Amino acid sequence: MTAIRKSSIPGLTDRAALERNRARAISAGPVDFLHRLVADEIEDRREEVNRRFSDVAVVTGMPGFWSSAIPGAKIVPDQPELDLEPGAHDLVIHAMALHWAEDPVGQIVQCARALRPDGLFVAACPGGRSLNELREALTRAEVEVTGGLSPRVVPMAEIRDLGGLLGRAGLALPVADQITRHVSYRDLFHLAHDLRGMGEGNALSGRLRHPTRREVLMRAAAIYAESHPDPANAGRIRATFDLVFLTGWAPDASQQRPLRPGSAKMPLAEALASMRKPQE
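Residues numbered from 1 in each chain as written. Predicted model: local features only at pLDDT ≥ 70, side-chain atom pairs only at ≥ 80, totals over all residues. Heavy atoms only, no water.

(A) Summary view of the overall build of the protein chain. Within the protein chain one finds nine helices and six strands. Counting over 280 residues, the protein chain shows a buried share of 44%. Long-range pairs, those at least 24 residues apart, make up 81% of the contacts in the protein chain between residues at least 6 apart in sequence. Surface summary for the protein chain: the accessible area is close to 15,800 Å², and the carbon and sulfur share equals 54%. (Helix = DSSP H or I, 4+ residues; strand = E, 2+ residues; numbered from the N terminus. Buried < 20%, exposed > 50% of the residue type's maximum accessible area, 1.4 Å probe, protein only. Contact = heavy atoms within 4.5 Å. Areas by Shrake-Rupley, 256 points an atom, 1.4 Å probe, with all protein chains shown as cover.)

(B) Structural detail: the environment of Leu134. Assignment of secondary structure puts Leu134 in helix 5 (residues 132-146). Leu134 has contacts with Val153, Leu188, Leu191, Leu195 and Tyr224, leaving out every residue within four places of it along the chain.

(C) Spatial organisation of helix 7 (residues 188-197). For helix 7, the complete set of buried residues consists of Leu188, His190, Leu191, Asp194, Leu195 and Gly197. On its buried face, helix 7 sits against helix 1 (15-28), helix 2 (33-49), helix 5, strand 5 (172-185), helix 8 (214-227) and strand 6 (237-249). In this structure Asp187 caps helix 7, since a side-chain oxygen of it lies 3.1 Å from the backbone nitrogen of Phe189. Remark: Gly199 follows helix 7 within two positions and exhibits a positive phi of approximately 75 degrees. (Polar contact = N/O pair within 3.5 Å; in protein donor to acceptor, adjacent residues only side chain to side chain.)

(D) Region of the structure containing the pattern of salt bridges. Applying the stated criterion to the full structure yields 17 salt bridges. For Asp78, the salt bridge is made with Arg22, and the minimal N-O distance between the two is 2.7 Å. Residue Asp78 is found in the loop between strand 2 (74-77) and strand 3 (89-95), and its partner Arg22 is found in helix 1; the two are separated by 56 residues along the sequence. The pair Asp78 / Arg22 is uniform in exposure class, with both members buried. Among the charged side chains, a network of salt bridges with common partners joins Arg15, Glu19, Arg22 and Asp78. (Salt bridge = Lys/Arg side-chain N within 4 Å of Asp/Glu carboxyl O.)

(E) Quick look at the packing of helix 7 against helix 8. Contact geometry for helix 7 and helix 8: axes closest at 9 Å, N-to-C directions at 105 degrees. Taken together, the axes of helix 7 and helix 8 lie roughly perpendicular to each other. Packed against helix 7, whose contacting residues are Leu188, Phe189 and Leu191, the element helix 8 presents Leu217, Met218, Ala220, Ala221 and Tyr224 at the interface. By residue class, the composition of the contact of helix 7 with helix 8 is eight nonpolar, no polar and no charged. (Axes fitted to C-alpha atoms, helices over the stretch in contact; angles between N-to-C directions. Parallel < 35°, antiparallel > 145°, perpendicular 65-115°, else oblique. Nonpolar A, V, L, I, M, F, W, Y, C, P; charged D, E, K, R; others polar.)

(F) Highlighting the confidence of the model for the protein chain. Put simply, the protein chain has an average pLDDT of 90, and 88% of its residues get 70 or more. Low pLDDT (under 50) marks residues 1-8, which in the prediction has one contact with non-local residues, meaning those over four places away or in another chain. (pLDDT = per-residue confidence, 0-100.)

(G) A look at the nonpolar core. If you look at the biggest cluster of nonpolar residues, it comprises 46 residues, and the most contacted ones within it are Trp66, Ile93, Leu134, Leu191 and Phe241. At six residues, the largest contribution of residues to this core is made by strand 6. Core analysis: the next-biggest nonpolar cluster, separate from the first, contains 25 residues, Ala114, Leu162, Leu165 and Leu171 among them. (Core = buried A, V, L, I, M, F, W, Y, C linked by side-chain atoms within 4.5 Å.)

(H) Up close: the environment of Asp14. If you trace the backbone, Asp14 turns up in the segment before helix 1. Judged by relative accessible area, Asp14 falls into the buried class, the value being 16%. As a C-alpha pair, Asp14 and Asn202 span 188 residues in sequence and 9.2 Å in three-dimensional space. When near neighbours in sequence (up to four residues on either side) are disregarded, Asp14 contacts Ala203, Leu204, Ser205, Arg207 and Arg209.

Right, here's the structure in full:
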């Protein structure tokens, strides 16, 4: 049997197309409201930790925004091999790029290795049902008009799957949480304009390599308007963005650890009984 070379297997992401999409967005003035939302959420988490971080690195595809959001941070492109030095940082942020990674756990492992003991890792990326309305409308329209189907929206991982990556990367005290934002748009084309401005156009390796037929786009716009109107704004549509936040710590002896199985001093039933209030 002939062995299949790894390079012959197409990946999820066309990196060249992704870089072109980002470059166009940056040159035109990027649409960065999701990045601003994420930056505010990450700042809230930093304040909750109540620690001053002095050596910060940010992995991102939007360097201009994040260099302004966190002055003095090392900005690292989200390439497969990250430009991070082992043990050089007390905080590493992976900002809105993990959903394009061929190997997301590999990205987190590299970030974890760049942390000092008890250093903090934070990642934020779209997940869950992000853009589910757009995906549904395009799928239905393409099947109706052409009888076929092509990939158009990057797959989004669920919070449980993303949270599981933290432990696989060797990080301690893992936490995953999610916020949902609904954004109002005039129509599908208005939404598509914003996605291009975010650098989030279709960069999937399996995408069509020719322009989408007008009939498909018009039908998708009609389906979107019929199926997903914005309940708060008549005549507009609603787009969902689920933003997943992952936090974990580089292991350190000072951190709390769960008790070893069998090391409890009191049986569970007795502990629960002691917590019950006496009946009147």
